Amino acid sequence: MNKILPIALGAAVLVGGGAYFATQSGPTPGTSALSPISAAVAQDADVELAPDMVLGEEDAPITMIEYASFTCPHCADFHERVWEDLKADYIDTGKVKFVNREVYFDKYGLWAGLVARCGGEMRYFGVMDMLFETQKDWIGNGQEAAILENLTTIGKKAGLSEEQVTACVNDKEMAQSMVAAYQQNAGADEITGTPTFIINGEKYSNMTYHDLKKILDGLAEG
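Residues numbered from 1 in each chain as written. Predicted model: local features only at pLDDT ≥ 70, side-chain atom pairs only at ≥ 80, totals over all residues. Heavy atoms only, no water.

With respect to the pairing of strand β10 (residues 196-199)
- Burial along β10 is two-sided: Thr196 and Ile198 facing one way and Phe197 and Ile199 facing the other are all buried.
- Across three bridges, β10 lies against strand β11 (residues 202-204) in antiparallel orientation. Among the inter-strand pairings, Ile198 is bridged to a residue of β11, identified as Lys203.
- Taking the residues that link successive antiparallel strands as the turn, the β10-β11 hairpin has two residues, and the phi of Asn200 there is positive, at about 45°. (Buried < 20%, exposed > 50% of the residue type's maximum accessible area, 1.4 Å probe, protein only. Helix = DSSP H or I, 4+ residues; strand = E, 2+ residues; numbered from the N terminus. Pairing = 2+ DSSP bridges.)

Listed below in structure tokens is the structure:
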């Protein structure tokens, strides 16, 4: 592990003695980079891992896992360029089971993840859409109070009350669970940047819909 930064969610979010978020300078084009993560970090903590957020048929022939951060501009770009077609052509048709795994570069990405999970799996992907589509707006100038207010507005648009959003953002147990899941999963899959995709066990970096379609069609034909 190269550079591990403790951050706070109101008070400290503790996982195995600290809240750990991997960062690295100099990301490659099309990705946001992070230091290699050790799966052992999360295993040291007695914390139940947050479940994956899944969309699509459980028995779909193709499983696509995306590692993405809600504060990663390349992830938002992928979502804008690819998500609608991917969902319509492959997820909704039963060809792909899509798994979204959050990566936390900073506390704002963690807050966004807490809001996304606040309404349960039924609302999660709708909130995910809003977070990526309005990423520049809700991050704004990076001021904490403004970001919290903007995330609350997104939660309310998803049908949550202000009280529900506040409770979710301050849910330390859930935050611990999410961080532990991130560390263990990203460490096991050796994730070094976002977005990264694991498609039927093979790892891929950011790509166009044209390139993704070729991969998915090839797997479907095989």
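Don't stop here, the text continues.
What to know about a negative patch on the surface
- Taken together, Glu80, Glu84, Asp85, Asp89 and Glu133 make up a surface patch of like negative charges.
- Top element by residues in the negative patch is helix α2 (residues 73-91). It accounts for four residues.
- Assignment of secondary structure puts Glu133 in helix α4 (residues 121-133). (Patch = residues over 30% accessible without salt bridge, like charges linked within 9 Å, V, L, I, M, F, W, Y side chains within 5 Å. Areas by Shrake-Rupley, 256 points an atom, 1.4 Å probe, with all protein chains shown as cover. Salt bridge = Lys/Arg side-chain N within 4 Å of Asp/Glu carboxyl O. Lys, Arg positive; Asp, Glu negative; His and termini not counted. Charge placed at Lys NZ, Arg CZ, Asp CG, Glu CD.)

Examining unusual backbone geometry
- A cis amide bond links Thr194 with the next residue in sequence, Pro195, at an omega value of -5°.
- Assignment of secondary structure puts Pro195 in the loop between β9 (193-194) and β10.
- Notably, Glu190 is not glycine yet its phi reads approximately 55°, a positive angle.
- Relative to the elements of secondary structure, Glu190 occurs in the loop between α8 (172-188) and β9.

What to know about the side chain of Asn185
- Take Asn185: it is sitting in helix α8.
- Leaving out residues up to four positions away in the same chain, Asn185 has contacts with Asp52, Tyr67 and Arg101. (Contact = heavy atoms within 4.5 Å.)

Digging into the state of the cysteines
- According to the stated counting rule, one finds one disulfide in the structure shown.
- Two residues, Cys118 and Cys168, share a disulfide whose sulfurs are 2.0 Å apart. When the S-S torsion is 75°, as for the bridge of Cys118 with Cys168, the disulfide is right-handed. In this pair, Cys118 sits in helix α3 (residues 107-118) while Cys168 sits in helix α7 (residues 162-169), placing the two residues 50 residues apart along the sequence. In terms of burial, Cys118 and Cys168 fall into one category: buried. (Disulfide = S-S within 2.5 Å.)

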